[in-house]
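Examining the three-dimensional arrangement
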Amino acid sequence: VVGRVTGPDGGPVADARVTRSGGDGSQAMWQWGVSWSGPRNAGAATDADGRFRLEALPPTEALVLMAKKSPLVGTQSEPVRLAVGVPPPEVALVLAVGASLAGTVLDADGKAVVGCSIDWWGGDGTNWSNGNTTCDEAGAFRLDGLAPGQLQFNVRTAAGLTKQVQVTPALKAS
């Protein structure tokens, strides 16, 4: 598969990550709060002109691609067919400005949880984003490049305690 990634201004986006949407099991595992140690989704980075090439993909009737480069977030491509002996399809992916979310992780006593790990994922069915971050010495974190829709958080403390939280952020102009 070959294609190009552009940004909100229509210009090329260099160093965006292009992957198959789903397909490797990691998104389903994250939704259950389980760490994924299986194979990673094959992907490619875009060049300075926003161009990418994904190779060695198996034939399929409906390959769906996504691109992301924080703080930008992408929508899923239309499904494309991959077949042996047929020229690779050309896919155009467009990134938009994603949302940002900042917060603080507190324990049951209202004290900051220092150094906790946060895995996050979510979207609205068309857009998808995921990632991870670590809380600072005040328990604070900031996430950029979030897709619209419901977000899932899996928070882990250094002691191994975990908590899952769902959030649907409200839009606020900045």
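Structure report, in brief. Here the structure is a predicted model, which means the values were calculated and not measured. (Residues numbered from 1 in each chain as written. Predicted model: local features only at pLDDT ≥ 70, side-chain atom pairs only at ≥ 80, totals over all residues. Heavy atoms only, no water.)

Our next topic: the pairing of strand S6 (residues 65-69). Each regular strand shows side chains that alternate between the opposite faces of the sheet. The sheet contact formed by strand S2 (residues 17-20) and S6 spans four bridges and is antiparallel. What sits directly across from Thr 19, in S6, is Met 66. The pairing of S6 with strand S7 (residues 72-74) spans two bridges and is antiparallel. When the bridges of S7 are listed, Lys 69 appears paired with Leu 72. Hairpin connection from S6 to S7: two residues lie between these consecutive antiparallel strands. (Pairing = 2+ DSSP bridges. Helix = DSSP H or I, 4+ residues; strand = E, 2+ residues; numbered from the N terminus.)

With that settled, consider the environment of Asp 136. Looking at where Asp 136 falls in the secondary structure, it is placed in the loop between strand S12 (128-134) and strand S13 (140-146). Each C-alpha atom, one on Asp 136 and one on Val 114, is 6.0 Å from the other, the two residues being 22 residues apart in sequence. Setting aside residues no more than four positions away along its own chain, Asp 136 makes contact with Val 113, Val 114 and Gly 115. A polar side-chain atom of Asp 136 sits 2.8 Å from the main-chain amide nitrogen of Ala 138. (Contact = heavy atoms within 4.5 Å. Polar contact = N/O pair within 3.5 Å; in protein donor to acceptor, adjacent residues only side chain to side chain.)

This part is about the nonpolar core. Counting 17 residues, the largest nonpolar core has Val 1, Val 5, Val 18, Phe 52, Leu 65 and Leu 93 as the members making the most contacts within it. Taken together, the elements giving at least two residues each to this core come down to S6, strand S8 (80-82) and strand S9 (90-97). Broken down by element, this core gets its largest block of residues, three residues, from S9. Among the nonpolar cores identified, the runner-up in size contains 13 residues, and Ile 118, Phe 141, Leu 151 and Phe 153 belong to it. (Core = buried A, V, L, I, M, F, W, Y, C linked by side-chain atoms within 4.5 Å. Buried < 20%, exposed > 50% of the residue type's maximum accessible area, 1.4 Å probe, protein only.)

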